[in-house]
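Residues per chain, in single letters:
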Amino acid sequence: MFHHITVLKEEAVEALNIKPDGIYVDCTLGGAGHSSLIASKLSSKGLLIAFDQDESAIEHAKEKMHPYLDRVIFIKSNFQNLKEELSHLDIPKKDQTPQVDGILFDLGVSSPQLDEAERGFSYNHDAELDMRMDQSSSLTAFEIVNEWSEQQLIKILFEYGEEKFAKRVAKRIVQTRLDAPIKSTKELAEIVKEAIPAATRRVGPHPAKRSFQAIRIAVNDELGVFDSALHQSIECLAPKGRVSVITFHSLEDRICKHIFSHYMPKCTCPPDFPMCVCDKKATIKLPHRKPIVPSEAELEINPRARSAKLRAAEKL
Ligand SMILES: C[S@@+](CC[C@H](N)C(=O)[O-])C[C@H]1O[C@@H](n2cnc3c(N)ncnc32)[C@H](O)[C@@H]1O
């Protein structure tokens, strides 16, 4: 059973301004919620190219999207290969760069990935430490927890988990693994909990939440691949094409904001110059001034959407 409640479904697809005969890319197919809505808006002349690095998401989507299979291409790949994968397809190119009308990112993991104990993502289920979205990749949470140095652990816990007690958590992990390898999610959750001062443990989310997020981001190099793919997306958009991005934490949102502002440089010519000579021209514009967030009604049905933010950009 593959059940994922799609976040900001209507809003994210609306931000793409779908043309029935256009070419669209869903970089994060997951439970195919956004993809099914995009495909339903396409005519038989339109095309949806759907990426996921998780084989089980692709297999499920092929069944769910049965009525639209004439207009969908599934690609089992990391979206960091976006430009390369698109360049192999028979779609328009400009200076050898593939051109599409819209690209969607709905970042992070899907509910089935979190809820299937054996994937090792969750502190709520006991399982082997894994956390790979792509089951064929080699780096696992087990390797990070048992083999990375204390300094490397501090860095990821602090940067990717924004864990205030990164030093204490890393130290406790390193001390514990001297006796025997840390094998399971429950063991790790317990170690993190014990490393965090008792008064802090009692407030807010589960004390292991930030550390698990950090390790998951490191296993899947989530920030690195998103940064690269968002640059590639802007390159691959046709004029008036849109990219729509749903992020779930401040690190992803910061990358999105930085990249969008990189493509909107401000003219630095002195105001009395008759014409612009600095050549700092915007490549994109933002259709919405502020990020779109889920409504109260959506949050009532799906509390997991609480941290979601949608940003979009349009190629000029
Ligand atoms: C939040 S879910 C997407 C849910 C989907 N939008 C829906 O409505 O059902 C994210 C999906 O993106 C995939 N994913 C995350 N990072 C990826 C990457 N770098 N390359 C390819 N797929 C990725 C995950 O495997 C997961 O299935």
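Residues numbered from 1 in each chain as written. Predicted model: local features only at pLDDT ≥ 70, side-chain atom pairs only at ≥ 80, totals over all residues.

What about the site of the ligand?
The condition is simple: Any residue whose C-beta atom, as placed from the backbone, lies within 6 Å of a molecule or strand is termed near it. Per the convention used, a helix needs a DSSP run of H or I reaching at least four residues, while a strand needs a run of E reaching at least two, with both numbered from the N terminus. Under this grouping Gly is polar, as are all residues other than the nonpolar Ala, Val, Leu, Ile, Met, Phe, Trp, Tyr, Cys and Pro and the charged Asp, Glu, Lys and Arg.
Taken together, 21 residues lie near the ligand, and Thr6, Thr28, Gly30, Gly31 and Gly33 sit nearest. At the level of elements, α2 (33–40) and β2 (47–52) are the ones that each hand at least two residues to the shell around the ligand. Here the shell around the ligand is built from residues that sort into seven nonpolar, 11 polar and three charged.

A word on the packing of helix α12 (residues 222–236) against helix α13 (residues 250–262)
Selection criterion: Where helices are involved, their axes are fitted lines through C-alpha atoms of the stretch in contact, as for all axes, and angles between N-to-C directions lie from 0 to 180°. When an angle is under 35 degrees it counts as roughly parallel; over 145 it counts as roughly antiparallel; between 65 and 115 it counts as roughly perpendicular; any other value is oblique. Should the near helix be turned counterclockwise from the far one by less than a right angle, the crossing is left-handed, whereas a clockwise turn marks it as right-handed. The contact criterion used here is simple: two residues whose C-beta atoms, placed from the backbone, lie within 7 Å are in contact.
At a minimum axis distance of 10 Å, the contact between α12 and α13 shows a crossing angle of 25°. In terms of orientation, α12 lies roughly parallel with respect to α13. Along this stretch, α12 crosses α13, giving a crossing that reads as right-handed. For the pair α12 and α13, contact is made by Leu223, Phe226, Asp227, Leu230 and His231 and by Leu251, Glu252, Ile255, Cys256 and Ile259, respectively. Looking at the contact of α12 with α13 residue by residue, the class counts come to seven nonpolar, one polar and two charged.

Some remarks on the UniProt feature "binding site: S-adenosyl-L-methionine" (unreviewed entry) in the chain
In plain terms, the rule: UniProt positions are given in the numbering used here, feature names are shortened, and annotations may be inferred rather than shown by experiment. Note on burial: count the other C-beta atoms lying within 10 Å of the residue's C-beta; 20 or more is buried, 12 or fewer is exposed, in between is partly exposed, and C-beta positions come from the backbone.
The sites that UniProt annotates as "binding site: S-adenosyl-L-methionine" (unreviewed entry) are Ala32, Gly33, His34, Asp52, Phe79, Asp106 and Gln113. Counting through the fold element by element, Ala32 comes out in the loop between β1 (23–26) and α2. In this structure, Ala32 is in contact with Ala61, Lys64 and Met65, ignoring residues within four places of it in sequence. Among the structural elements, His34 can be located in helix α2. Residue His34 is classed as buried on the basis of its 28 C-beta neighbours within 10 Å. Dropping the residues within four chain positions of it, His34 is found in contact with Thr6, Lys9, Ala12, Val13, Asp26, Leu104 and Asp106.

Some points on the sheet that holds strand β6 (residues 100–106)
Note the threshold: At least two bridges found by DSSP between two strands are what make those strands a pair.
The mixed open sheet is built from seven strands, whose spatial order is β3-β2-β1-β6-β7-β9-β8. Of all strands in the sheet, those bounded by a partner on one side alone are β3 (72–76) and β8 (284–285). Pairing geometry for β6 and strand β7 (residues 237–247), over six bridges, is parallel. Residue Ile103 lies in a different strand from β7, and its bridge partner there is Val243. This element, helix α3 (residues 55–64), spans β2 and β3 of the sheet and lies at about 165° to β3.

Quick look at the pairing of β2
Inclusion rule: Seen with its strands pointing away from the viewer, a crossover is right-handed if its path from the first strand over the helix to the second goes clockwise.
The buried fraction of β2 is high, at six of six residues. Here β2 shows a buried face lined by Leu47, Ile49 and Phe51 and a second buried face lined by Leu48, Ala50 and Asp52. In this structure, β1 lies alongside β2, joined through four bridges in parallel fashion. Within the sheet, the bridge partner assigned to Val25 lies in β2 and is Ile49. Since β1 and β2 lie parallel, the crossover through α2 that links them has a hand, and here it is right-handed.

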